[in-house]
Amino acid sequence: MDREQHSTRPGRPEHDNMIIGRNSVLEALRAGTRIDTLMLASGERSGSMGKIAALARERGIVIKDVSVKKLDYMCGHSRHQGVIAMAAAYEYAQLDDLFRIAEERGEPFFAVICDEIEDPHNLGAIIRTADAAGAHGVIVPARRSAPLSFTVNKASAGALSHVPIVRVTNLVSAMEELKSRGVFLYGADMGGTDYTRVDFGGAVGLVIGSEGAGIGRLVREKCDFIVSLPMKGKISSLNASVAAGILMYEVSRTRCARSR
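Residues numbered from 1 in each chain as written. Predicted model: local features only at pLDDT ≥ 70, side-chain atom pairs only at ≥ 80, totals over all residues. Heavy atoms only, no water.

Novice: Hey, could you run me through the nonpolar core in this one?
Specialist: Generally speaking, nonpolar side chains in soluble globular proteins are found buried as a group. Among the nonpolar cores identified, the biggest contains 36 residues, and Val-112, Leu-123, Ile-127, Val-138, Ile-165, Ile-208 and Met-248 are the most heavily contacted of them. Looking at which element gives the most residues to this core, the answer is helix α9 (residues 240-259), with six residues. Contacts of Ile-165, omitting those with residues within four sequence positions, involve Tyr-90, Tyr-92, Ala-93, Ile-127, Val-138, Val-140, Leu-148 and Leu-160. Judged by nonpolar contacts, the second largest core, of 23 residues, contains Leu-95, Val-207, Val-219 and Ile-226. (Core = buried A, V, L, I, M, F, W, Y, C linked by side-chain atoms within 4.5 Å. Buried < 20%, exposed > 50% of the residue type's maximum accessible area, 1.4 Å probe, protein only. Helix = DSSP H or I, 4+ residues; strand = E, 2+ residues; numbered from the N terminus. Contact = heavy atoms within 4.5 Å.)

And the structure:
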């Protein structure tokens with residue numbers, strides 16, 4: 001029998017926000033359950049799978065084609081029938097919401113832009129620090145980003161309930177909109193200006209890339225400034241959430257100093 005499964009088998013990175021199996025996913029979509037991402041086995045679109053994909057498209061849910069091997073791993077080899085839905089732990093905000101929050105607080109705009117942060121623990125840690133450092137929100141792309149799962153919420157220590165998250169279809173276009181509204185974009189990457197020599201006093205969009213690839217070429221080209229952290233050891237880069245934390249607090253420090 002196909003049923004909604006929330007098993008807790010070891011070795012699986014997600015469990016409590018998964019809906020597994022064709023009937024379970026189809027009924028969740030029909031019932032209006034908030035779904036962040038739908039993962040379908042590559043090439044599977046016949047019968048109920050076609051209905052599932054169509055309903056997901058109607059609701060604007062991100063659909064990812066993945067291998068059966070990945071689906072097996074994700075659900076601990078439970079009977080997934082080629083489909084896993086990731087239930088959303090959070091409802092996304094809009095860019096206007098972040099500007100409204102900044103205005104209500106009487107502060108210059110401050111958002112963290114995550115370019116392909118796919119590790120849920122890193123994303124959760126960034127959200128946690130964003131809350132502590134006074135950021136008005138976090139912006140993520142619809143694809144190649146960790147979904148706002150219960151794992152992200154746990155890693156954020158509950159900050160996900162307090163920090164607005166904006167998911168955009170095109171990160172570069174969103175950055176262009178921010179620039180048109182007076183926001184300066186600071187990309188964290190190698191080969192830039194020492195972050196201690198940069199002025200973060202105005203409206204700030206802090207761009208953080210993945211550990212492996214950093215920020216993408218097109219994203220980097222949209223940045224007004226590239227800032228770097230001095231690396232005095234043998235390792236050439238920091239964990240994304242650690243680098244983000246240092247830079248977020250530099251933005252916060254600059255603003256506190258100017259408000260005195």
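After presenting the structure, the write-up continues.
Novice: Got a minute to help me understand the pairing of strand β2 (residues 35-41) in this structure?
Specialist: In summary, the side chains of a regular strand alternate between the two faces of the sheet. Judged by how many residues are buried, β2 sits mostly within the fold: seven of seven residues are covered. Relative to strand β4 (residues 83-87), β2 is paired through five bridges, and the arrangement is antiparallel. Within β4, the residue paired with Met-39 across the bridge is Ile-84. Bridge analysis of β2 against strand β3 (residues 62-66) gives five bridges, and the strand direction is parallel. Of the residues in β3, the one forming a bridge with Leu-38 is Ile-63. (Pairing = 2+ DSSP bridges.)

Novice: Would you mind going over the sheet that holds strand β5 (residues 110-115) with me for this structure?
Specialist: Note: strands within a sheet are paired through backbone hydrogen bonds, in either parallel or antiparallel orientation. One open sheet holds the six strands; their spatial order is β7-β6-β5-β9-β8-β10, and the pairing between them is parallel. What marks the edges here is a single partner per strand, and that holds for β7 (165-168) and β10 (225-228). Neighbour-to-neighbour, the strand axes of the sheet open up by a mean angle of 35 degrees, direction not taken into account. The pairing of strand β6 (residues 137-141) with β7 spans four bridges and is parallel. Its bridge partner lying in β7, Val-138 is registered against Ile-165. (Axes fitted to C-alpha atoms, helices over the stretch in contact; angles between N-to-C directions.)

Novice: Can you walk me through a nonpolar patch on the surface in this structure?
Specialist: Together, Met-231, Ile-235, Leu-238, Val-242 and Ile-246 line one region of the surface with nonpolar side chains, adding up to about 400 Å² of accessible area. Summarising the element assignment, Val-242 is placed in helix α9. (Patch = residues over 30% accessible without salt bridge, like charges linked within 9 Å, V, L, I, M, F, W, Y side chains within 5 Å. Areas by Shrake-Rupley, 256 points an atom, 1.4 Å probe, with all protein chains shown as cover. Salt bridge = Lys/Arg side-chain N within 4 Å of Asp/Glu carboxyl O.)

These figures capture arrangement, not role.
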